[in-house]
Amino acid sequence: MLASIPLGELSGHAAGRILLKQMYEQHIGGIMPEIAVTPRGKPYFADSGVHFSISHTKCRVFCVLSDRPVGVDAEETHRKIDLNLAEKILSETEKERFAREVDKRSALLKLWVLKEANAKCAEVGANMTYLELSTYPGYMDSFVAACFIPHTDRNLFPNSIQE
């Protein structure tokens, strides 16, 4: 399950933890387990089969809970991005896709969030379906986000990009 709230006066970290706690209590039930951190810096629930991922922009936080490893990333669509970054971060296949895009900045942001979400879910990300969450609901018009979800049947998600 994916949820998002505005940051308000909170930091992205604080808002993310509040949203995570609310989601856990509402969807899983009980007290949220202690959060530990892997040597690479990925937070996770110690002693729990529930996985989560959090991402925030300057004004909004996104959180996803799952029964399998999951990753989410989001960026504001108006964020400045150096197009030279494409040469450094994109695979050859992604560079070919990027070269065909008319709106390079938007395309690079989308590819960036996909790569970030995948990195947050590295152990299974290559075999997962992702959804582009850039259209619905209305507040998403200001964001581009990607969420790797624990599912491999891409036919269930006709709007997902398929390589």
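Residues numbered from 1 in each chain as written. Predicted model: local features only at pLDDT ≥ 70, side-chain atom pairs only at ≥ 80, totals over all residues. Heavy atoms only, no water.

### A word on the overall build of the chain
Thought 1: Helix and strand counts for the chain stand at 4 helices and 8 strands.
Thought 2: The N-to-C order of helical and strand elements in the chain reads β-α-β-β-β-β-β-α-α-α-β-β.
Thought 3: Here the chain holds 163 residues, and the buried ones make up 40% of them.
Thought 4: By sequence separation, contacts in the chain at least 24 residues apart represent 51% of the contacts at least 6 residues apart.
Thought 5: Of the accessible surface of the chain, which amounts to about 9,500 Å², a share of 53% is contributed by carbon and sulfur atoms. (Helix = DSSP H or I, 4+ residues; strand = E, 2+ residues; numbered from the N terminus. Buried < 20%, exposed > 50% of the residue type's maximum accessible area, 1.4 Å probe, protein only. Contact = heavy atoms within 4.5 Å. Areas by Shrake-Rupley, 256 points an atom, 1.4 Å probe, with all protein chains shown as cover.)

### Describing the sheet that holds strand β4 (residues 51-56)
Remark on secondary structure: sheet strands pair via backbone hydrogen bonds, oriented parallel or antiparallel.
Thought 1: Spatial strand order, β1-β5-β4: 3 strands in an open sheet with antiparallel pairing. Single-partner strands in this sheet number two, and they are β1 (2-6) and β4. In this sheet, neighbouring strand axes are inclined to one another by 15 degrees on average, regardless of whether the strands run parallel or antiparallel.
Thought 2: Where β1 and strand β5 (residues 60-66) come together, 5 bridges link them in antiparallel fashion. Bridge pairing links Leu-2 to Val-64 in β5.
Thought 3: Across the face of the sheet, helix α1 (residues 12-28) comes into contact with β1, β4 and β5 while running at roughly 35 degrees to β5. (Pairing = 2+ DSSP bridges. Axes fitted to C-alpha atoms, helices over the stretch in contact; angles between N-to-C directions.)

### Describing the confidence of the model for the chain
Thought 1: With 74% of its residues at a pLDDT of 70 or more, the chain has an overall mean of 75.
Thought 2: Summarising per-element confidence for the chain, the mean pLDDT is lowest in strand β7 (residues 129-132) (45) and highest in α1 (92).
Thought 3: For residues 148-163, every residue scores under 50 in pLDDT, and the model assigns this stretch 42 contacts once sequence neighbours within four places are set aside. (pLDDT = per-residue confidence, 0-100.)

### Some thoughts on unusual backbone geometry
Thought 1: With phi around 60 degrees, Asp-47 is a residue other than glycine that occupies positive phi space.
Thought 2: By the secondary structure assignment, Asp-47 is in the loop between β3 (43-45) and β4.

### A look at the environment of Arg-60
Thought 1: By the secondary structure assignment, Arg-60 is in strand β5.
Thought 2: Once the C-alpha coordinates of Arg-60 and Gly-16 are considered, the two residues, 44 residues apart in sequence, prove to be 9.2 Å apart.
Thought 3: A distance of 2.6 Å separates a polar atom in the side chain of Arg-60 from a polar atom in the side chain of Ser-4. (Polar contact = N/O pair within 3.5 Å; in protein donor to acceptor, adjacent residues only side chain to side chain.)

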